[in-house]
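Chain residues, written in single-letter form:
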Amino acid sequence: MKDKFLEIVDYSGNLNSKLFSLNRMKILWALSELGEDGATARQIKNGLNIGNDGSTYSNLNALVEMGYLRMEKVTFENKDNLELYVITPAGLEEWNKIKTWLDMLVCEGE
Amino acid sequence: MGDWRKAVAIFEEMAFPVNCNKFEEKLVAQKTICLLQLKGMNVEYPFGMYVRGAYSPSLTQDYYKHSEEFQNLHSGVSLSDEEKAVVNTLDDLFEKSPSLLEIGATYAYIVEKMHLSPVEAFRVIKETKGFYRDTQIAKGISKAKQFLFEPTETDLKWLEQETRPMQQASIQSLRH
């Protein structure tokens, strides 16, 4: 604890505290694995068990505003205009920072 | 590493060019390769469960890296007659329907690779693909079963015994 304490506190200064919500972290995690393919809002909502449309869209919109995701409309079976979300390089960088910090916490506890 | 040339040959057989800028086409490509691999065709792509369902990031890398070949369907390799037959069976069943392929491939992956029971797999599909209508879910699962789980001789014999009394009753009812 004593050895890593200052390092962990220092590193936390690099993080965007607005990302520390369960749903936002789940979204970044899931999209970080899909690259340019991304996922639709309905896949994110159902696949990550986020809850309702309000919660899904408020988190997705916040991540878009922060520049961590981009949204584009895609057609599906000739009738729907689905919203596809893709992680941006800034989003991936931010997610990697969070992972590094979580790793520091976990390793420090072992 | 997947065999991208074989993947292109599969889409060539289906007459289905894959444009990596088209969401639907990538979805069809992913689920098609997944189902063919579950059927035993070796295209060497590792699949896993993701927020999109059964999905292979290696295949994604390949259709971006070799986008021209995937779009122009130039593979330089050919499938065996047996492989072509499997591809055509799948194509006839699913008719390149993105929704049915998404449901069917994900259901099949959960049963075959994650070893969940069909009932549990159905529950997962209802949760994660709940944005599809129940009839679409039933149809997608039914097509995956039809494609992958062919009845054995024992199954057919059991089915014949089970349905014989009903068939006999039906024939008798026609006589009156």
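Worth saying up front: this structure is predicted, and the values here are computed from it rather than measured. (Residues numbered from 1 in each chain as written. Chains lettered and ligands numbered in written order. Predicted model: local features only at pLDDT ≥ 70, side-chain atom pairs only at ≥ 80, totals over all residues. Heavy atoms only, no water.)

1. Points about the overall build of chain A
The secondary structure content of chain A amounts to 5 helices and 3 strands. Moving toward the C terminus, one meets the helices and strands of chain A in the order α-α-β-α-α-β-β-α. Each principal axis of the C-alpha distribution contributes one length, and for chain A these read about 60 × 25 × 20 Å. Counting every position in chain A, which comprises 110 residues, the buried fraction comes to 42%. Counting only contacts in chain A whose residues sit at least 6 apart along the sequence, the fraction spanning at least 24 positions is 59%. Roughly 6100 Å² of accessible area belongs to chain A as shown, and the carbon and sulfur atoms make up 52% of that amount. Across chain A, the 12 positively charged side chains and the 17 negatively charged ones have centroids separated by 5 Å. (Helix = DSSP H or I, 4+ residues; strand = E, 2+ residues; numbered from the N terminus. Buried < 20%, exposed > 50% of the residue type's maximum accessible area, 1.4 Å probe, protein only. Contact = heavy atoms within 4.5 Å. Areas by Shrake-Rupley, 256 points an atom, 1.4 Å probe, with all protein chains shown as cover. Lys, Arg positive; Asp, Glu negative; His and termini not counted. Charge placed at Lys NZ, Arg CZ, Asp CG, Glu CD.)

2. Topic: the packing of aromatic side chains
Both the distance between ring centres and the angle between the ring planes are used here to describe each pair of aromatic rings. One pass over the structure, following the stated rule, counts 9 aromatic pairs over all chains. Where Phe76 of chain A meets Phe23 of chain B, the ring centres are 6.1 Å apart and the plane angle is 55 degrees; that geometry is what we call tilted. Pair noted here: Phe76 of chain A is in strand E2 (residues 69-76) and Phe23 of chain B is in helix H2 (residues 23-38), and the two residues belong to different chains. An identical accessibility class is assigned to Phe76 of chain A and Phe23 of chain B; each is buried. The interplanar angle of 80 degrees and the centroid separation of 6.3 Å between the aromatic rings of Tyr63 of chain B and Phe70 of chain B together place this pair among those described as edge-to-face. Residue classification places Tyr63 of chain B among the buried positions, given a relative accessible area of 0%. Members of the aromatic cluster, each reached through a chain of ring pairs, are Phe11, Phe16, Tyr63, Tyr64 and Phe70 of chain B. Taking the ring centre of Phe76 of chain A as reference, the NZ or CZ of Arg42 of chain A above it sits at 5.0 Å. Lying over the aromatic face of Phe147 of chain B, Lys39 of chain B brings its terminal NZ or CZ to 5.2 Å of the ring centre. (Phe/Tyr/Trp six-rings, centres within 6.5 Å; stacked < 30°, edge-to-face > 60°. Lys NZ or Arg CZ within 6 Å of the ring centre and 35° of its normal.)

3. Quick word on the pattern of salt bridges
Counted according to the given criterion, the structure contains 14 salt bridges over all chains. A salt bridge links Glu102 of chain B to Lys129 of chain B, with the shortest nitrogen-to-oxygen separation between them at 2.8 Å. Taken together, the residues span a long stretch of sequence, with Glu102 of chain B in helix H6 (residues 98-113) and Lys129 of chain B in the loop between helix H7 (118-128) and helix H8 (134-148) at a distance of 27 residues. Several salt bridges converge on common partners, so that one network encompasses Glu36, Arg70 and Glu72 of chain A. (Salt bridge = Lys/Arg side-chain N within 4 Å of Asp/Glu carboxyl O.)

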